[in-house]
Amino acid sequence: MSELLIEEATLDEAVAELSTLHDWLRWTTSQFASSGIFFGHGTDNAWDEAVSLLLPALSLPIDAPKELMHARLTSTEKNRLAGLIAERINDFTPVPYLTNIAWFANMPFYVDERVLIPRSPFAELINNRFTPWLEEPQSVNRILDLCTGSGCIAIALAQAFEEAQVDAVDISYEALEVADINITDYQLNDRVLPIQSDVFSGVPGQKYDLIVANPPYVDAEDMADLPREFHHEPELGLASGHDGLDVTRTILSEAADHLTDNGLLFVEVGNSMVHMDALYPGAPFEWIEFEQGGLGVFVISKKQLVEYFAD
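The rules behind each value
- Residue numbers here run from 1 along each chain, matching the order of that chain's written sequence.
- Local features in this predicted model are restricted to residues whose pLDDT is 70 or higher, and side-chain atom pairs enter the listing and the counts only when it is 80 or higher, whereas totals over whole chains, interfaces and linings include all residues.
- Hydrogens and water molecules were not included; the side-chain quantities draw on all heavy atoms of the structure.
- UniProt positions are given in the numbering used here, feature names are shortened, and annotations may be inferred rather than shown by experiment.
- The helix count covers DSSP runs of H or I at least four residues long, the strand count covers runs of E at least two residues long, and both are numbered beginning at the N terminus.
- Each residue is placed in one exposure class: buried if its accessible area under a 1.4 Å probe, protein chains only, is under 20% of its type's maximum, exposed if it is over 50%, and partly exposed if it falls in between.
- Contact definition: two residues touch when any of their heavy atoms are within 4.5 Å.
- In these tables, accessible area is a Shrake-Rupley quantity obtained with a 1.4 Å probe, and a residue counts as shielded only by the protein chains included in the view.
- Residues scored as charged are limited to Lys and Arg (positive) and Asp and Glu (negative), so that His and the chain ends carry no count.
- One atom stands in for each charge, and that atom is NZ of Lys, CZ of Arg, CG of Asp or CD of Glu.
- Fitted lines through C-alpha atoms serve as axes, helices being fitted only where they are in contact, and the angles separating the N-to-C directions of these axes extend from 0 to 180 degrees.
- The scheme is simple: roughly parallel for angles under 35 degrees, roughly antiparallel for over 145, roughly perpendicular for 65 to 115, oblique for anything else.
- The hand of a helix crossing depends on one turn: near helix anticlockwise from the far one by less than a right angle means left-handed, and clockwise means right-handed.
- Residues are grouped as follows: nonpolar covers Ala, Val, Leu, Ile, Met, Phe, Trp, Tyr, Cys and Pro; charged covers Asp, Glu, Lys and Arg; every other residue, Gly included, is treated as polar.
- Strand pairing is assigned whenever DSSP detects at least two bridges linking the two strands.

Looking at an unreviewed UniProt entry, one finds the protein named Ribosomal protein uL3 glutamine methyltransferase and attributed to Pseudoalteromonas haloplanktis. In UniProt, the protein has this text filed under Catalytic activity (unreviewed entry): "L-glutaminyl-[ribosomal protein uL3] + S-adenosyl-L-methionine = N(5)-methyl-L-glutaminyl-[ribosomal protein uL3] + S-adenosyl-L-homocysteine + H(+)". The heading Sequence similarities (unreviewed entry) in the UniProt record of the protein holds the text "Belongs to the protein N5-glutamine methyltransferase family. PrmB subfamily."

Peer 1: Can you break down the overall build of the protein residue by residue, with the values?
Peer 2: Scanning the protein from N- to C-terminus turns up twelve helices and nine strands. Over its C-alpha atoms, taken along the principal directions, the protein stretches across nearly 70 × 40 × 35 Å. Each of the 311 residues in the protein was classed as buried or not, and the buried ones make up 51%. Taking contacts inside the protein between residues at least 6 apart in sequence as the whole, the part at least 24 apart equals 68%. Of the accessible surface of the protein, which amounts to about 14,800 Å², a share of 49% is contributed by carbon and sulfur atoms. Looking at the protein, you have 16 positive and 51 negative side-chain charges, and the mean spots of the two groups are 4 Å apart.

Peer 1: Break down unusual backbone geometry for me, with residues and values.
Peer 2: Note the cis peptide between Thr131 and Pro132, where omega equals 10 degrees. Mapped onto the secondary structure, Pro132 falls in the loop between α6 (122-127) and β3 (142-146). Its identity is not glycine, yet Asn106 carries a phi of approximately 65 degrees, on the positive side. Along the chain, Asn106 turns up in the loop between β1 (102-104) and β2 (107-109).

Peer 1: How would you summarise the packing of helix α2 (residues 21-35) against helix α4 (residues 75-90) if you had to cite specific residues and measurements?
Peer 2: Closest axis-to-axis distance for the α2/α4 pair is 11 Å, and the angle between their directions is 15 degrees. Taken together, α2 and α4 sit at an angle that is classed as roughly parallel. Between α2 and α4 lies a crossing whose hand is right-handed. Of the residues in α4, those touching α2 at Trp24, Trp27, Thr28, Gln31, Phe32 and Ser35 are Lys78, Leu81, Ala82, Ile85, Arg88 and Ile89. Considered class by class, the residues forming the contact of α2 with α4 number seven nonpolar, three polar and two charged.

Peer 1: Now, about the sheet that holds strand β9 (residues 297-301): what can you tell me, with residues and values included?
Peer 2: With mixed pairing, seven strands are arranged side by side in an open sheet as β5-β4-β3-β6-β7-β9-β8. The two strands at the open ends of the sheet, each matched to only one other strand, are β5 (192-196) and β8 (286-287). Sheet topology note: the β3/strand β4 (residues 165-170) ladder contains five bridges and is parallel. Looking across to β4, one finds that Leu144 is bridged to Asp167. Relative to the sheet, helix α8 (residues 173-185) contacts β4 and β5, its axis offset from that of β5 by approximately 170 degrees. Packed onto the sheet, helix α10 (residues 246-254) meets β3, β6 (208-213), β7 (259-268) and β9 and runs at close to 170 degrees relative to β7.

In structure tokens, the structure reads:
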């Protein structure tokens, strides 16, 4: 579908003629549906996209009471909404960067263009405390979140494993600034530690019961085909060489040294899972099936890593 930009005259008409929140939600949904923008940062349709933009912009909860739908908006509010709608359509800016809110594991997080917008299926694993692979969740004392970005995975891990210390590492100092905002917001500074690290370089000699890695994994072909919305995200968090596995190679070659004897490594490689068999023939990766959607996540134990890479 070709992109259709929204003109200033159309926005002026909306500000003049639309009165209620319901009016604005209906009109915005129509504009989003006809514009050809890409939905993929928290929603998959025009209505949910409109809701996720307009309600937070008005400091209202996403599940606001239906009675509020007929509340009239002020001119200031309408002009603000018109500006955000224009930025979403004309600049292809993802909604979470406009509202500075993204959801992961049913929790809100601050995000801006220093970090990727959370969308990992790891949320399902965390909510289930990695069962059945993790037989004794209560025995987990130390967790490493590789490529933490906004810190959402590290924070969700700390909430799920209330006795564990979580190291949240990222190569990007800018990303760690965002992670620190979220760690502070959730009052977890005593248990979640942001660390600048190129994969394991910042945690020498440290061992973990659980390593969770969501590294950059977009291959060169997919990078060239990404919708414009994704170009607002830091390329450092997306691209990882011709096959999308440059960072994953490092993780797999070094992870065993940073796992306790019964430790487990979970890695998300997304669509680049198609390259894994050729790169690691016969490797004992267990690919996880998700009830809530998502693919490209595998688990492997320390013992399996040692045995496979020793051969």
